[in-house]
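# Coordinates in review
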Amino acid sequence: MLYNVMNKIKEKAGAFLNLLKSSKNAVVFTGAGISTESGIPDYRSPGIGLWENMDQTVVSLNGFLDHPDRYYNFALKLHSVRSSAKPNYAHFMLSQFESEGLINGIITQNVDGLHYEAGSVNVYELHGSLRQVICLDCGLVQPINGVMERVGRGENPPLCENCNGVLKPNAVFFGENLPSIPWEKALQLTNSSDLFISIGSSLRVSPANTLPNVVIRNKARLIIINLMNTPYDSKASLVIRQKIAEFAKIVLDLHS
Ligand code: ZN
């Protein structure tokens, strides 16, 4: 029984590699599901509770501007979890594929920065990044780690050392628009691709649900790797319902 299950997964891994290697312009799209095995909770998953139990105004733009100290108190609790999270096999698989020229780039909804940490270069972060803060007055961008250390020492809210402006994490908060440049690049990359690989996204939330429609309209191929079903499964050349890091390990073994 187990043997059969394993063989099925290996078959899927083989089919995945075949589609990837026969493509000319492959692009990858990732959502929260790629990072859950790195220990970063998927806030939308039922039962996690974090998002459900918290006051969402804490991470809304207006809530932040009114009470940046309240946000940083909340962020301090999560920061140790986030900063100890490491890329998993799936992140490393993608950086290896990029260095081998098998994929052109990664479009991600994640703000955890784990694609960069795994060595990927061409990454478009649609929702910005929690690895950095930006000064809302002078625009200075700096790593968040040093800033969170200052918060830990009681400097709350932390202020810009240049101009005393408010420092905001460089990720998109509720009530904020998506940054336009990564989104335009994502559309370009998707439009020029003949293979679109969606990993760890339910593909139900805007703007993630826009990209598969571009793929289908262009008659490009679609691969979906996700534990739960998505509205685009019936249009996909291959659907893989596996834990993502586990599947990536099998793919890497087969690829080497
Ligand atoms: Zn400043």
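Since the model is a prediction, treat every value here as computed from it, not as a measurement.

Right, let's talk about the overall build of the protein chain for a bit. When helices and strands are tallied, the protein chain shows 10 helices and nine strands. Against the compact-globule benchmark of 18 Å for 256 residues, the protein chain has a radius of gyration of 19 Å, which places it among compact chains. Counting only C-alpha atoms, the protein chain reaches 55 × 40 × 30 Å along its principal axes. Put simply, the protein chain has 256 residues, and 49% of those count as buried. Accessible area of the protein chain: about 12700 Å², with a carbon and sulfur share of 52%. Seen as two clouds, the 23 positive and the 22 negative side-chain charges of the protein chain have centres 9 Å apart.

Right, let's get into the environment of C138. Mapped onto the secondary structure, C138 falls in the loop between β4 (128-135) and β5 (141-143). In sequence terms C138 and F29 are 109 residues apart; their C-alpha atoms lie 32 Å from each other. The residues contacting C138, other than those within four sequence positions of it, are C160, N162 and C163.

The coordination sphere of the zinc ion contains the protein donors C135 (SG), C138 (SG), C160 (SG) and C163 (SG), at a distance range of 2.3 to 2.4 Å. Taken together, the four donor atoms coordinating the zinc ion and their angles of 98 to 118° define a geometry best described as tetrahedral. Mapped onto the polypeptide sequence, the residues donating to the zinc ion form the spacing pattern C-x2-C-x21-C-x2-C. Under the relative-accessibility criterion, C138 is labelled partly exposed at 39%.

Further remarks concern the packing of aromatic side chains. Across all of its chains, the model carries eight aromatic pairs by this definition. Residues F29 and F196 carry aromatic rings whose centres are separated by 6.0 Å and whose planes lie at 20° to one another, so their mutual orientation is stacked. Taken together, the residues span a long stretch of sequence, with F29 in strand β1 (residues 26-30) and F196 in strand β7 (residues 195-199) at a distance of 167 residues. The class for F29 is buried, based on a relative accessible area of 0%. Since its relative accessible area comes to 0%, F196 is described here as buried. Measuring from centroid to centroid gives 5.4 Å for Y71 and Y72, while their planes differ by 80°, and the two rings are edge-to-face. With relative accessibility at 0%, the residue Y72 sits in the buried group. When the ring centre of F173 is taken as origin, the NZ or CZ atom of K168, which lies over that ring, is 4.2 Å away.

Attention shifts here to the domain arrangement of the protein chain. Structurally, the protein chain comprises domain 1 (1-39 + 87-127 + 177-256) and domain 2 (41-84 + 130-171). Here the C-alpha centroids of domain 1 and domain 2 sit 28 Å apart. Contacts between the two partners involve 10 residues from domain 1, matched on the other side by nine residues from domain 2. For the pair domain 1 and domain 2, the two sides together bury roughly 710 Å², of which 56% comes from carbon and sulfur.

Reading the values: the criteria
Residues numbered from 1 in each chain as written. Predicted model: local features only at pLDDT ≥ 70, side-chain atom pairs only at ≥ 80, totals over all residues. Heavy atoms only, no water. Helix = DSSP H or I, 4+ residues; strand = E, 2+ residues; numbered from the N terminus. Rg over C-alpha atoms; globule rule 2.2 N^0.38 Å. Buried < 20%, exposed > 50% of the residue type's maximum accessible area, 1.4 Å probe, protein only. Areas by Shrake-Rupley, 256 points an atom, 1.4 Å probe, with all protein chains shown as cover. Lys, Arg positive; Asp, Glu negative; His and termini not counted. Charge placed at Lys NZ, Arg CZ, Asp CG, Glu CD. Contact = heavy atoms within 4.5 Å. Donors = N, O, S within 2.8 Å, 3.2 Å for Na, K, Ca; no water. Tetrahedral: all angles 85-135°; square planar, octahedral: opposite > 155°, others 65-115°. Phe/Tyr/Trp six-rings, centres within 6.5 Å; stacked < 30°, edge-to-face > 60°. Lys NZ or Arg CZ within 6 Å of the ring centre and 35° of its normal. Domains from an automatic or database assignment. Buried area = accessible area lost by both parts, 1.4 Å probe.

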